Amino acid sequence: MQNKRKGNQLMKGIFDLTLSFQMEFPVIYDNLSETPLFLDYENKGMSKIEFEEYYKFLKVQLRVFEKQRLPGRNIIR
């Protein structure tokens, strides 16, 4: 049960990050090749570690884009 809960929290985190990209950086969001709305690592052959790494990657990318954003605008320098 706890593994399922952690998996759900991880998927929610990924979803929240992709939603942040969609709202704050729509052009960049359009370039994301996958949106994990319906992905489930338990039945897609993906390991939890791969999902965790993807989550970390998205977090870092969002931070980078936020730092590069022009003040008051959603445009990347």
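Preceding block: the structure.
Owing to the predicted nature of the structure, the values given are computational and were not obtained by experimental measurement.

## Quick word on the nonpolar core
Counting residues in each nonpolar core, the largest one holds 14 residues, and the members touching the most others are I14, F21 and L58. Every element with two or more residues in this core is listed here: α1 (2–24), α2 (26–31) and α3 (48–68).

## Details of the environment of F51
Summarising the element assignment, F51 is placed in helix α3. Between the C-alpha atoms of F51 and G7, which are 44 residues apart in sequence, the distance is 9.0 Å.

## A closer look at the packing of aromatic side chains
Counted by the stated rule, this structure contains 2 aromatic pairs. An angle of 80 degrees between the planes, with centres 6.0 Å apart, marks the rings of F21 and F65 as edge-to-face. Placement of F21 in helix α1 and of F65 in helix α3 is noted, with a sequence separation of 44 residues between them. The class for F65 is buried, based on a relative accessible area of 16%. Aromatic side chains F25 and F65 sit 6.0 Å apart centroid to centroid with 50 degrees between the ring planes, which places their arrangement in the tilted category. Remark: F65 occurs in helix α3 and F25 occurs in the loop between α1 and α2; sequence separation between them is 40 residues. Just as F25 is buried, F65 falls in that class too. Connected via pairs of aromatic rings, a cluster forms that spans F21, F25 and F65.

## Considering the side chain of T18
Turning to its location among the elements, T18 is positioned in helix α1. Side-chain polar atoms of T18 contact the backbone oxygen of F15, separated by 2.9 Å.

## A closer look at α3
Under the 1.5 Å per step criterion, the end-to-end length of α3 is 30 Å for 21 residues, consistent within 8% with the ideal 30 Å. Among the residues of α3, those classed as buried are F51, Y54, L58, L62 and F65. Down the axis, α3 shows its buried residues gathered within 75 degrees of arc, on one side only. Away from its buried face, by an angle of more than 90 degrees, α3 presents the exposed residues I49 and K67.

## Quick look at the pattern of salt bridges
Evaluated as defined, the whole model comprises 2 salt bridges. For the salt bridge of K56 with E53, the shortest nitrogen-to-oxygen distance reads 3.6 Å. With K56 and E53 both in helix α3 and 3 residues apart, this pair spans about one turn of that helix. The partly exposed category is assigned to K56, whose relative accessible area is 47%. Relative accessible area serves as the criterion here: at 42%, E53 is assigned to the partly exposed category.

Conventions used here
- Residue positions are given per chain, counting from 1 as you read along its sequence in written order.
- Totals for whole chains, interfaces and linings use every residue, but because this is a predicted model, local features are given only for residues with pLDDT of at least 70 and side-chain atom pairs only at 80 or more, for both listing and counting.
- Only hydrogens and water are removed before side-chain values are computed, so all heavy atoms of the structure are retained for them.
- The term nonpolar core refers to a set of buried residues drawn from Ala, Val, Leu, Ile, Met, Phe, Trp, Tyr and Cys, joined through side-chain atoms within 4.5 Å.
- With a 1.4 Å probe rolled over the protein chains alone, any residue whose accessible area is under 20% of its type maximum counts as buried; one over 50% counts as exposed, and the rest are partly exposed.
- Helix numbering and strand numbering both begin at the N terminus, where a helix is a DSSP run of H or I of at least 4 residues and a strand a DSSP run of E of at least 2.
- In summary, the pairing rule links any two rings of Phe, Tyr or Trp, Trp by its six-membered ring, whose centres are within 6.5 Å, and it sorts them by plane angle into stacked for under 30 degrees, edge-to-face for over 60 and tilted for everything else.
- Polar contact criterion, stated in full: a pair of N or O atoms within 3.5 Å, where within protein one must be able to donate a hydrogen and the other to accept it, and residues adjacent in sequence count only if both atoms are side-chain atoms.
- Here, expected helix span is obtained from the residue count minus one, scaled by 1.5 Å.
- Along the arc lie the directions from the helix axis toward the C-beta atoms.
- Salt bridge, as applied in this entry: a Lys or Arg side-chain nitrogen positioned within 4 Å of an Asp or Glu carboxyl oxygen.

Everything listed here is a matter of geometry and, on its own, says nothing about what the molecule does.
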